[in-house]
Amino acid sequence: MPPSRLDGLYRSLLLTKFFCKGWGKPENLERLFAFRKIISNRAACSQLVPRDYPVEITKEELHSDCKILEGKFISPLEIYMPGLVPDVAQHAHFQILLPLKWNDERFKPICIHLAGTGDHYFWKRRNLIAKPLLKEANLGAIILENPFYGLRKPKEQRASSLQNVSDIFVMGGCLVLESLVLLNWCERNGYGPLGITGLSMGGHMASLAATNWPKPLVLVPCLSWSTASSVFTEGVMSNSINWDVLETQYFADGNFRERLSKMVTVVDDAFVAGKHFIQNFNQSVEELRLDICDTKELVCGDPSTDVNLTVIRETTPECEQNQSKNRILINQSNALNLSETLLNKLLSNVRCELTQEEIDELNLKIHLALKRHNEEMQAEGGGSRASNKLILEVKPEDKSEALPVSTKSKRKPIDTTKQRWWEREALQFMRGMMDECTHLKNFSVPYDTSLIIAVCAKDDAYIPRDGCMSLEDIWPGAEIRYLDAGHVSAYVLHQKLFRSCIVEAFERAKKKWDPEEGQLRGEVCGALTEPKIDNVPESPAK
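Residues numbered from 1 in each chain as written. Predicted model: local features only at pLDDT ≥ 70, side-chain atom pairs only at ≥ 80, totals over all residues. Heavy atoms only, no water.

**Comments concerning the confidence of the model for the chain**
Okay, step 1: Put simply, the chain has an average pLDDT of 75, and 65% of its residues get 70 or more.
Okay, step 2: Between residues 383-419, whose pLDDT stays under 50, and residues either more than four places distant or in other chains, the model counts 113 contacts.
Okay, step 3: Per-residue pLDDT stays below 50 along residues 524-536; that stretch engages in 15 contacts with residues further than four places along the chain or on separate chains. (pLDDT = per-residue confidence, 0-100. Contact = heavy atoms within 4.5 Å.)

**Describing the side chain of Asp448**
Okay, step 1: Among the structural elements, Asp448 can be located in the loop between α13 (421-438) and β11 (453-457).
Okay, step 2: A polar side-chain atom of Asp448 sits 2.6 Å from a polar atom in the side chain of Ser450.
Okay, step 3: Those residues in contact with Asp448 that lie beyond four places of it in its chain are Pro216 and Lys512. (Helix = DSSP H or I, 4+ residues; strand = E, 2+ residues; numbered from the N terminus. Polar contact = N/O pair within 3.5 Å; in protein donor to acceptor, adjacent residues only side chain to side chain.)

**With respect to a nonpolar patch on the surface**
Okay, step 1: There is a patch of nonpolar side chains on the surface, built from Tyr121, Trp123 and Leu151 and spanning about 330 Å² of accessible area.
Okay, step 2: Checked against the element boundaries, Trp123 lands in helix α5 (residues 123-137). (Patch = residues over 30% accessible without salt bridge, like charges linked within 9 Å, V, L, I, M, F, W, Y side chains within 5 Å. Areas by Shrake-Rupley, 256 points an atom, 1.4 Å probe, with all protein chains shown as cover. Salt bridge = Lys/Arg side-chain N within 4 Å of Asp/Glu carboxyl O.)

**Observations concerning the packing of helix α6 (residues 165-188) against helix α7 (residues 201-210)**
Okay, step 1: With their axes 9 Å apart at the nearest point, α6 and α7 run at an angle of 55 degrees to one another. By the angle between their axes, α6 is oblique relative to α7. Note on packing geometry: the crossing formed by α6 with α7 is right-handed. Of α7, the residues touching α6 (which contributes Ile168, Met171, Gly172, Leu175, Val176 and Ser179) are Met201, Met205, Leu208 and Ala209.
Okay, step 2: Partitioning the contact of α6 with α7 into residue classes produces eight nonpolar, two polar and no charged. (Axes fitted to C-alpha atoms, helices over the stretch in contact; angles between N-to-C directions. Parallel < 35°, antiparallel > 145°, perpendicular 65-115°, else oblique. Left-handed = near helix turned anticlockwise from the far one by under 90°. Nonpolar A, V, L, I, M, F, W, Y, C, P; charged D, E, K, R; others polar.)

**Points about helix α16 (residues 495-512)**
Okay, step 1: The first and last C-alpha atoms of α16 sit 27 Å apart over 18 residues, in line with the 26 Å expected at 1.5 Å per residue.
Okay, step 2: Residues of α16 that are buried: Gln495, Phe498, Arg499, Cys501, Ile502, Ala505, Phe506 and Ala509. Angular distribution of buried residues about the axis of α16 spans 160 degrees; they occupy a single face of the element. Of the exposed residues in α16, the ones pointing more than 90 degrees away from its buried face are Lys496 and Lys511. (Expected span 1.5 Å × (residues − 1). Buried < 20%, exposed > 50% of the residue type's maximum accessible area, 1.4 Å probe, protein only. Arc of directions from axis to C-beta.)

**Some thoughts on the pairing of strand β6 (residues 194-199)**
Okay, step 1: A large share of β6 lies buried, amounting to six of its six residues.
Okay, step 2: Alternating positions in β6 separate into two faces, Leu194, Ile196 and Gly198 on one and Gly195, Thr197 and Leu199 on the other, with burial throughout.
Okay, step 3: Pairing between strand β4 (residues 110-114) and β6: five bridges, direction parallel. The partner of Ile110 across the bridge, within β6, is Leu194.
Okay, step 4: Where β6 lies against strand β7 (residues 218-222), five bridges are found, and the strand directions are parallel. Its bridge partner lying in β7, Thr197 is registered against Val220.
Okay, step 5: With α7 bridging β6 and its parallel neighbour β7, the resulting β-α-β unit is right-handed. (Pairing = 2+ DSSP bridges. Right-handed = clockwise from strand over helix to strand, strands pointing away.)

**Thoughts on the pattern of salt bridges**
Okay, step 1: The final tally for this structure, using the stated rule, is 19 salt bridges.
Okay, step 2: Here Glu436 and Lys37 are joined by a salt bridge, their closest N and O atoms 3.5 Å apart. You can see Glu436 sitting in helix α13 and its partner Lys37 sitting in helix α2 (residues 26-39), a full 399 residues away along the chain.
Okay, step 3: For Glu436, a relative accessible area of 4% gives the class buried.
Okay, step 4: Residue Lys37 is classed as partly exposed on the basis of its relative accessible area of 49%.

**Concerning the side chain of Thr449**
Okay, step 1: When you line up the elements, Thr449 lands in the loop between α13 and β11.
Okay, step 2: For Thr449, a relative accessible area of 12% corresponds to the buried category.
Okay, step 3: Residue contacts for Thr449: discarding those within four places in its chain leaves Trp475, Pro476, Gly477 and Ala478.

**Structural notes on the environment of Arg106**
Okay, step 1: Inspection of the secondary structure assignment puts Arg106 in the loop between β3 (91-98) and β4.
Okay, step 2: Note on Arg106: relative accessible area 49%, which makes it partly exposed.
Okay, step 3: As for Arg106 and Trp513, which are separated by 407 residues in sequence, their C-alpha atoms are 9.3 Å apart.

**Thoughts on unusual backbone geometry**
Okay, step 1: Here the residue pair Gly192 and Pro193 is connected by a cis peptide bond, since its omega of 0 degrees sits within 30 degrees of zero.
Okay, step 2: Summarising the element assignment, Pro193 is placed in the loop between α6 and β6.
Okay, step 3: Of note in this structure, Phe19 is not a glycine but carries a positive phi near 60 degrees.
Okay, step 4: With respect to the helices and strands, Phe19 occurs in the loop between α1 (5-13) and α2.
Okay, step 5: Residue Tyr121 is not a glycine yet carries a positive backbone phi of 65 degrees.
Okay, step 6: Tracing the backbone shows Tyr121 in the loop between β4 and α5.

**Quick notes on the environment of Cys468**
Okay, step 1: With respect to the helices and strands, the residue Cys468 is situated in the loop between β11 and α14 (471-474).
Okay, step 2: In this structure, the C-alpha to C-alpha distance between Cys468 and Ser230, residues 238 residues apart in sequence, is 7.8 Å.

**A few points about the nonpolar core**
Okay, step 1: Counting 98 residues, the largest nonpolar core has Trp23, Phe169, Leu177, Phe232 and Met430 as the members making the most contacts within it.
Okay, step 2: Considering every element that reaches this core, the biggest residue donor is α6, with 15 residues.
Okay, step 3: Excluding residues that lie within four positions of it along the chain, Leu177 makes contacts with Phe35, Ile39, Cys45, Leu48, Val49, Pro76, Leu77 and Tyr80.
Okay, step 4: If you look at the next biggest cluster of nonpolar residues, it comprises 25 residues, including Ala490, Ala505, Phe506 and Ala509. (Core = buried A, V, L, I, M, F, W, Y, C linked by side-chain atoms within 4.5 Å.)

**Concerning the packing of aromatic side chains**
Okay, step 1: Across all of its chains, the model carries 13 aromatic pairs by this definition.
Okay, step 2: Ring centres of Trp185 and Tyr191 lie 6.0 Å apart, and the angle between their planes is 25 degrees; this geometry places the pair in the stacked category.
Okay, step 3: Relative accessible area serves as the criterion here: at 14%, Tyr191 is assigned to the buried category.
Okay, step 4: Note that Arg465 overlies the ring of Trp225, its terminal NZ or CZ placed 5.6 Å from the centroid.
Okay, step 5: A cation over a ring is seen here: Lys510 above Phe107, with NZ or CZ 4.8 Å from the ring centre. (Phe/Tyr/Trp six-rings, centres within 6.5 Å; stacked < 30°, edge-to-face > 60°. Lys NZ or Arg CZ within 6 Å of the ring centre and 35° of its normal.)

Here you go:
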């Protein structure tokens, strides 16, 4: 279904820009990429936070409908990655809502609620979801303040607009470790079953945190998906990013292209950044793919080598029922017969700057290949239909129209929104960074996927899902439910549904809960199956 227009309209009304200071310091990004490999492994990450990690309760209030505690603790990320967390964000602040009386003293369920974009302080989550859950299901809540939000927001930051791309990775690292602190605190104080949830960005952060808890845990991520890369490169949020600053920094500092770009991996996309084929095609061409096995054998001298040139037309509504008519397949020995210099340029990992002579050569070879194909079809009696006559033309000296080669990728080419090669390269780096640090495929599978209920919006323009790996594939056994709505409308209209999914997931956990042991069945033996990981940073001082 088409993305929600309401999502796009709502985002366009927000004038703030993200990442106005750029990517962040290259050395900080390098440290974060390395640390991601530790916290993405459950056995390693669980060793970073001791069970008795110090937590301070600073306030306790008794209300007519609940008891509210407030507390704080030092974020473990500041201990392991000193200098990355801003001073104001180094203390994690949280609020706890407890019922005045538990329905059953053997079951004291508590759910951690993480904040979505723009959700500062505690009041929104407390009133929209935590208090209703307390009333409806006797379900306690812990509301954790995001780094860079509310009490933890740097003074120079405007509203929710993170200043550096690295800030979102610092935020994620903080929340993963801070959630472990709170889950351990709950266990020490006799609460359970335990769970974690969040909306939008909070839902994705909840997913990341849940992968690192070494025991069964309820997880209800709402309005999120398997990676944040599509949010910042394809969704409506991508229009709120200061790309000019990012592009300038990316090319001004060689660390980004020469070092950092090699440390990140695009999980869902097969095409490689910088493989630019030719500078422009006719509007009728959607994609040109060259499947080449060995570049050295393709130089003119070896007639035994096959070159497959596949030209795929843009599909029109009239032709959708007959896809085969929209494809011309040329499979001949050394069909294009390109010169070695031109071939090397087309297959290089850098920007392709073709001379006029090379452009003329490429046009000529493509025309000759198509002509041979049509002649063979006529000789076979098939004729050459007018609809199959396709002329490819390379236009010189128009770098704004450059298109990349796309290998067998399920995802839409990223140049749909960025026309110039330098824009595309910065965009591809963004995608790689986000996949590297946020793609759930790079993290452990949650301990018990049967306790996962994910809620997604079908028409979500904030979080595109096309071409992204499915949650069902990453987490076999998890349940995914889809709302017939966009991101904004789902958030506004379906809070009750989100709450009902949380209650249902806790009911599942309750069936596995052992009142005598005070834990989910299978935790004790299951915890022993986690492998021991060496080279883990020392635990923080108690």
